[in-house]
There are 2 protein chains.
Amino acid sequence: MVSSAIKPPETFFHSKLFRGLGNDELALLAGICQRRRLPTGEQLFRQYSPAQHVYVVVSGTLMIERLSRSGRRQVIAFAYPGDYIGFTNTDDYEYSVVCLREAELQTFPRRDFLQLVDRFPTLKTNARQIGGNVLAQTLDQLFALGQKKAHERLCFLLAQIGRRQCGTQTTDIELIMSRQDIADYLGLTIETVSRAFARLKTMGIIEIISAHRIHVLDRSVLEELASVH
Amino acid sequence: MVSSAIKPPETFFHSKLFRGLGNDELALLAGICQRRRLPTGEQLFRQYSPAQHVYVVVSGTLMIERLSRSGRRQVIAFAYPGDYIGFTNTDDYEYSVVCLREAELQTFPRRDFLQLVDRFPTLKTNARQIGGNVLAQTLDQLFALGQKKAHERLCFLLAQIGRRQCGTQTTDIELIMSRQDIADYLGLTIETVSRAFARLKTMGIIEIISAHRIHVLDRSVLEELASVH
DNA sequence: CGGGGTATTGAGACAAATCAACCTTGGTGG
DNA sequence: CCACCAAGGTTGATTTGTCTCAATACCCCG
């Protein structure tokens with residue numbers, strides 16, 4: 001069977017991970033790739049379990065979280081289509097991943113995937129870049145938690161979701177996660193998150209269509225609050 | 001010239017990075033390794049500058065920090081002997097590094113180093129593990145900033161330094177960094193840091209020998225406050 | 001023995017957590 | 001179709017924790 005006989009799924013081309021790869025390389029990746037459907041509420045994997053797979057989100061939304069023994073939780077990130085999960089360098093996952101909205105994932109056995117990364121310089125570059133982005137985004141979050149006030153942290157989240165959610169710069173934001181999830185992401189309580197929403201509304205920056213739908217009225221101010229301080 | 005003719009410096013053997021490597025491999029690493037002395041207060045490299053080197057701390061202490069345009073600062077980490085700096089996946093450094101106490105470093109040109117990483121599986125495993133540890137430690141800090149009170153965050157730092165600083169479990173901690181550095185690391189102000197010290201003292205957990213020297217009286221409580229919550 | 005930078009302590013202002021009540025919404029069964 | 005219920009979200013009152021501003025203490029160095 002010639003490699004070009006396997007047509008890689010279309011979504012391959014939309015992912016940074018596969019940018020610049022030749023057809024042969026894509027075909028090999030397609031060969032070790034499986035699809036997985038994950039219903040809302042299900043766990044993809046659990047913290048401390050062996051890191052056996054690497055994932056690319058095709059559709060849906062997931063939440064990356066870390067739990068302490070006492071049950072306190074820190075949400076690390078929300079994963080949207082095109083995002084990567086499990087690009088960890090450790091043998092065990094550092095976090096749990098749970099599905100917020102029915103998701104479809106490309107799954108690659110980690111061992112096989114790393115072998116291909118070794119063989120294809122372009123893939124290696126891409127994978128490195130992704131790993132770097134994960135750290136960069138975590139450092140941004142660290143900055144937000146260390147330096148910002150409640151409503152600024154919320155802007156940080158809204159700006160982030162606005163960027164991630166679909167390509168075009170939309171002013172309409174859908175919040176798939178609960179207030180508790182947002183609170184645990186930003187290091188706040190649900191009440192403070194709620195008040196932060198109210199504050200942004202009275203500041204004229206957002207409009208609250210419903211609890212899970214926000215309309216951004218002034219993107220520049222939002223970005224301003226989200227970033228510099 | 002046979003490879004064994006180049007004797008790798010002794011410190012090579014003390015670093016996780018070089019664990020399990022053969023003499024030939026060590027010799028090649030020694031070939032691209034240079035020593036660099038960095039005086040107190042000097043910068044090792046600046047945020048956004050191209051990532052040209054990878055470093056291993058041999059002696060001294062350094063501080064990894066990130067600055068926003070408005071001048072606000074987030075301290076990311078403190079680096080002690082045996083720690084690694086610049087194991088970034090991005091082409092530019094995400095942070096600045098400044099020397100807190102006269103340091104000696106092993107420096108490797110990043111390009112050459114990555115080539116050797118590709119050639120030596122053991123080295124690759126080690127490097128991956130180090131990268132993973134960096135992320136894990138950042139996630140711990142994220143958790144601390146998101147979930148903990150001032151005196152708990154301070155315990156987090158003290159426990160961390162206690163672990164890093166020399167091998168044996170010492171109860172004597174030297175704080176090389178200033179109160180401002182600690183504050184910017186923990187996302188607090190210097191006054192709150194000072195009060196947190198006072199609180200831990202009245203709780204009977206530490207003894208304050210001087211501003212930069214702490215004696216740990218109850219390590220178990222310290223660790224407890226540092227971790228679980 | 002000053003003197004300047006650094007750290008501590010105190011008082012008041014402010015932000016966020018906590019506790020409690022109320023409101024919204026979406027689903028269910030009468 | 002509507003009343004009811006439960007879960008999630010909002011709002012209010014109070015407490016707690018941290019920041020801010022100001023004064024004072026400490027210590028290292030000349």
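How each quantity is defined
Residues numbered from 1 in each chain as written. Chains lettered and ligands numbered in written order. Predicted model: local features only at pLDDT ≥ 70, side-chain atom pairs only at ≥ 80, totals over all residues. Heavy atoms only, no water. Helix = DSSP H or I, 4+ residues; strand = E, 2+ residues; numbered from the N terminus. Rg over C-alpha atoms; globule rule 2.2 N^0.38 Å. Buried < 20%, exposed > 50% of the residue type's maximum accessible area, 1.4 Å probe, protein only. Contact = heavy atoms within 4.5 Å. Areas by Shrake-Rupley, 256 points an atom, 1.4 Å probe, with all protein chains shown as cover. Lys, Arg positive; Asp, Glu negative; His and termini not counted. Charge placed at Lys NZ, Arg CZ, Asp CG, Glu CD. Pairing = 2+ DSSP bridges. Axes fitted to C-alpha atoms, helices over the stretch in contact; angles between N-to-C directions. Domains from an automatic or database assignment. Buried area = accessible area lost by both parts, 1.4 Å probe. Salt bridge = Lys/Arg side-chain N within 4 Å of Asp/Glu carboxyl O. UniProt positions renumbered as here; feature names shortened; annotations may be inferred. Near = heavy atom within 4 Å. Polar contact = N/O pair within 3.5 Å; in protein donor to acceptor, adjacent residues only side chain to side chain. Nonpolar A, V, L, I, M, F, W, Y, C, P; charged D, E, K, R; others polar. Disulfide = S-S within 2.5 Å.

Before going further, it helps to spend a moment on the overall build of chain A. Broken down by element type, chain A carries 7 helices and 9 strands. Taken over the C-alpha trace, chain A has a radius of gyration of 19 Å; the compact-globule value for 229 residues is 17 Å, and the two agree within 12%. For chain A, the C-alpha atoms occupy an extent of roughly 65 × 40 × 30 Å along the three principal directions. Taking all 229 residues of chain A together, the buried fraction comes to 53%. Long-range pairs, those at least 24 residues apart, make up 69% of the contacts in chain A between residues at least 6 apart in sequence. Carbon and sulfur atoms make up 50% of the accessible area of chain A, which amounts to about 10,500 Å² in all. Separation of charge centres in chain A, based on 28 positive and 24 negative side chains, amounts to 3 Å.

This paragraph deals with the sheet that holds strand 7 (residues 172–174) of chain A. All names here are of chain A. The strand order across the open sheet formed by 3 strands is 7-9-8, and the pairing between neighbours is antiparallel. Across the chains shown, the open sheet's two edge strands, defined by having one partner strand only, are strand 7 and strand 8 (206–210). Averaged over all adjacent pairs, the angle separating strand axes in this sheet is 25°, with direction ignored. One ladder, built from 4 bridges, connects strand 8 with strand 9 (residues 213–216); its direction is antiparallel.

All names here are of chain A. Under the domain assignment used here, chain A contains domain 1 (3–144) and domain 2 (148–226). A C-alpha centroid distance of 25 Å is found between domain 1 and domain 2. Broken down residue by residue, the surface that domain 1 buries against domain 2 is led by Phe 78, Tyr 80 and Ala 144, which jointly contribute 42%. Remark: the boundary between domain 1 and domain 2 carries 4 salt bridges. Across the salt bridge formed by Asp 181 and Arg 73, the nearest N and O atoms sit 2.8 Å from each other.

With that settled, the discussion passes to the environment of Ala 103 of chain B. All names here are of chain B. Its place among the elements puts Ala 103 in strand 6 (residues 96–109). Separated by 61 residues in sequence, Ala 103 and Glu 42 place their C-alpha atoms 9.9 Å apart. Residue contacts for Ala 103: discarding those within four places in its chain leaves Arg 36, Arg 37, Leu 38, Ser 59, Gly 60, Thr 61 and Leu 62.

Residues annotated by UniProt as "domain: Cyclic nucleotide-binding" (unreviewed entry) correspond here to residues 17–86 of chain A. Structurally, residues 17–86 of chain A is divided into 14% helix and 46% strand, and its ends, taken at the C-alpha atoms, are 13 Å apart.

Below, the discussion takes up the protein's contact with DNA strand D. Around DNA strand D, 16 residues are found, and the nearest of them are Arg 179 and Arg 195 of chain A together with Ala 150, Thr 192 and Arg 195 of chain B. Among the atoms of DNA strand D lying within 4 Å of the protein, the sugar-phosphate backbone contributes 66%. Separating a base nitrogen of DNA strand D from a side-chain N or O atom of Arg 195 of chain A is a distance of 3.0 Å. Those elements that place two or more of their residues in the surface near DNA strand D are helix 6 (190–202) of chain A together with helix 6 (190–202) of chain B. Here the element with the most residues in the surface near DNA strand D is helix 6 of chain A; it accounts for 4 residues. Class assignment for the residues of the surface near DNA strand D results in 4 nonpolar, 6 polar and 6 charged.

With that settled, consider the interface of chain B and chain A. Of the residues lining the interface, 35 residues belong to chain B; the matching set on chain A comes to 34 residues. Each partner contributes to the roughly 3,500 Å² buried at the junction of chain B and chain A, and carbon and sulfur atoms together form 60% of this total. There are 4 salt bridges connecting chain B and chain A. We note a salt bridge from Lys 124 of chain A to Asp 118 of chain B, for which the minimum N-O separation is 2.6 Å. Between chain B and chain A we count 10 residue pairs in polar contact (both at pLDDT 80 or more) in total. Of all the secondary structure elements, the ones that give two or more residues to the side of chain B that touches chain A are strand 4 (73–79), helix 2 (110–119) and helix 3 (121–147) of chain B. The biggest single contributor to the side of chain B that touches chain A is helix 3 of chain B, with 16 residues.

Below, the discussion takes up the state of the cysteines. Applying the stated rule across the entire model yields 0 disulfides over all chains. Residue Cys 33 of chain B stays outside any disulfide, its sulfur separated by 17 Å from that of Cys 99 of chain B, the closest cysteine.

Counted under the stated rule, the structure contains 29 salt bridges over all chains. We note a salt bridge from Arg 37 of chain A to Glu 102 of chain A, for which the minimum N-O separation is 2.4 Å. You can see Arg 37 of chain A sitting in strand 1 (residues 34–38) and its partner Glu 102 of chain A sitting in strand 6 (residues 96–109), a full 65 residues away along the chain. For Glu 102 of chain A, a relative accessible area of 38% corresponds to the partly exposed category. Among the salt bridges present, the one from Arg 213 of chain B reaches Glu 174 of chain B, with a minimum N-O distance of 3.8 Å. With Arg 213 of chain B in strand 9 (residues 213–216) and Glu 174 of chain B in strand 7 (residues 172–174), the pair connects residues that are 39 residues apart, well separated along the chain. Residue classification places Glu 174 of chain B among the partly exposed residues on the basis of a relative accessible area of 23%. When salt bridges with common partners are traced through the structure, they connect Glu 65, Arg 73, Asp 181 and Asp 184 of chain A into a single cluster.

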